[in-house]
Amino acid sequence: MNTGILAAIGAYVSWGLLPIYWKLLGHVPTTQLLSHRIVWSFAVLAVFLGLTKRFTKLRGDLSPTVWGSYVLASLLIGVNWFIYVWSVNAGYIVEASLGYFINPLLSVLLGVFFMRERLRRLQWAPLGLAAAGVIYLTVQYGRLPWIALTLAVTFSLYGLVKKKAPLGAFEGLTLETGLLLPPALVWLGWNEYMGAGAFLHAGTGSDLLLVGAGVVTTAPLVMFAAAAHRIPLSMIGILQYIAPTIQFHIRVFVYHQPFSR
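The model shown is predicted, which means the values in this text are computed figures rather than measured ones.

Draft legend 1. Summary view of a nonpolar patch on the surface. A cluster of nonpolar residues, Trp 187, Trp 190, Tyr 193 and Met 194, forms a patch on the protein surface that exposes about 520 Å² of accessible area. Tracing the backbone shows Met 194 in the loop between helix H8 (169–193) and helix H9 (204–230).

See below:
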């Protein structure tokens, strides 16, 4: 099987299971959890690049165009992370999963219209069914699903940016998290100064989970970036249904949220 497809599957299975991890950190304020994701993700990536001696190559590859691409990517993924973690811990797993059902449709459309990718006639049929299901769920929801739309738009645009991004998976993600690192450190420092910091104040288990957020954040993003360079954006969109399907089952069978006929 194509390594790009395997990387995409690995990324989406990981993302599908992540709500369980974030639920374990429900006692940590959303902004602090987001900041820890950034800090520990950068730490993991920096150690890896240091051990593999890739920092020199990364510095040599930086140009105004590269900076522009990754500033945009970091803003998109930062907003996506914040909305997702907040929605899960605030009890909006349903709307968050709806966002990731909408996201693949947008990814396919971006691939067709911006990357000039072509879909076979049979591939349009399941996409049509998925679109009908998304429209039905949206109508049933009873109001504009702004959480779902924000998640879908930010991550589908992030996928488009990563498709065109020039750096490798590890180098690119290191640059993205590095751009988000200063505000994350400032926010964590401010919370610690105000006596509201969660790290080192909520038990060893909580601290280990916060540090582990770097790994569970980085691993699927690296796989996603690798997939984006190897397979069409439209195929990435179709495979993306793995993540919200897993999240949907977690919502119904693990957290027993209401699910009507």
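Draft legend 2. Structural context of the packing of aromatic side chains. Scanning the entire structure with this criterion turns up 12 aromatic pairs. With a centroid separation of 5.2 Å and an interplanar angle of 85°, the aromatic rings of Trp 15 and Phe 155 are classed as edge-to-face. Here Phe 155 lies in helix H7 (residues 146–164) and Trp 15 lies in helix H1 (residues 3–24), a separation of 140 residues in the sequence. Residue classification places Trp 15 among the buried residues on the basis of a relative accessible area of 13%. The class of Phe 155 is buried, set by a relative accessible area of 4%.

Draft legend 3. Region of the structure containing the packing of H7 against H9. Interaxial distance between H7 and H9 falls to 8 Å at its minimum, and their mutual angle equals 60°. On the basis of the axis angle, H7 is oblique to H9. Classified by chirality, the crossing of H9 by H7 is right-handed. Counting all contacts with H7, which are made through Phe 155, Tyr 158, Gly 159, Lys 162 and Lys 163, the residues of H9 involved are Leu 221, Phe 224, Ala 225, Ala 228 and His 229. Among the residues forming the contact of H7 with H9, the class breakdown is 6 nonpolar, 2 polar and 2 charged.

Draft legend 4. Local environment of the nonpolar core. Tyr 12, Trp 15, Trp 22, Tyr 84, Tyr 158 and Phe 224 are the most contacted members of the largest nonpolar core, which totals 55 residues. Elements supplying a minimum of two residues to this core: H1, helix H2 (30–51), helix H4 (64–89), helix H5 (93–114), H7, H8, H9 and helix H10 (233–239). Discounting residues that sit within four places of it in the chain, Tyr 12 has contacts with Phe 224, Ile 236, Leu 239, Gln 240, Ile 242 and Ala 243. One finds Ile 102, Val 108, Val 112 and Ala 148 within the second-largest nonpolar core, a separate group that totals 13 residues.

Draft legend 5. Structural view of the environment of Lys 163. Tracing the backbone shows Lys 163 in helix H7. For Lys 163, a relative accessible area of 18% translates into the label buried. Distance in space between the C-alpha atoms of Lys 163 and Met 115 is 9.1 Å, their sequence separation being 48 residues. Excluding residues that lie within four positions of it along the chain, Lys 163 makes contacts with Met 115, Glu 117, Ala 228, Ile 231, Pro 232 and Leu 233. A distance of 2.7 Å separates a polar atom in the side chain of Lys 163 from the backbone oxygen of Ile 231.

Draft legend 6. How the structure looks around H9. Given a rise of 1.5 Å per residue, 27 residues ought to cover 39 Å, and the 40 Å separating the end C-alpha atoms of H9 matches this to within 8%. Taken as a whole, H9 carries its principal kink of about 30° at Gly 212.

Draft legend 7. Main features of the confidence of the model for the protein chain. Per-residue confidence for the protein chain gives a mean pLDDT of 85; residues scoring 70 or more make up 99%. Element-level pLDDT for the protein chain is lowest in helix H3 (residues 55–61), with a mean of 71, against a maximum mean of 92 in H8.

Draft legend 8. Quick look at the environment of Thr 174. Here Thr 174 is to be found in helix H8. Apart from the residues within four sequence positions on either side, Thr 174 is in contact with Phe 42, Leu 45 and Leu 49. Within the structure, Thr 174 has its side chain in polar contact with the backbone oxygen of Phe 170 (distance 2.7 Å).

Cut-offs applied
Residues numbered from 1 in each chain as written. Predicted model: local features only at pLDDT ≥ 70, side-chain atom pairs only at ≥ 80, totals over all residues. Heavy atoms only, no water. Patch = residues over 30% accessible without salt bridge, like charges linked within 9 Å, V, L, I, M, F, W, Y side chains within 5 Å. Areas by Shrake-Rupley, 256 points an atom, 1.4 Å probe, with all protein chains shown as cover. Salt bridge = Lys/Arg side-chain N within 4 Å of Asp/Glu carboxyl O. Helix = DSSP H or I, 4+ residues; strand = E, 2+ residues; numbered from the N terminus. Phe/Tyr/Trp six-rings, centres within 6.5 Å; stacked < 30°, edge-to-face > 60°. Buried < 20%, exposed > 50% of the residue type's maximum accessible area, 1.4 Å probe, protein only. Axes fitted to C-alpha atoms, helices over the stretch in contact; angles between N-to-C directions. Parallel < 35°, antiparallel > 145°, perpendicular 65-115°, else oblique. Left-handed = near helix turned anticlockwise from the far one by under 90°. Contact = heavy atoms within 4.5 Å. Nonpolar A, V, L, I, M, F, W, Y, C, P; charged D, E, K, R; others polar. Core = buried A, V, L, I, M, F, W, Y, C linked by side-chain atoms within 4.5 Å. Polar contact = N/O pair within 3.5 Å; in protein donor to acceptor, adjacent residues only side chain to side chain. Expected span 1.5 Å × (residues − 1). Bend = angle between axes of the 7 residues up to and from the residue. pLDDT = per-residue confidence, 0-100.

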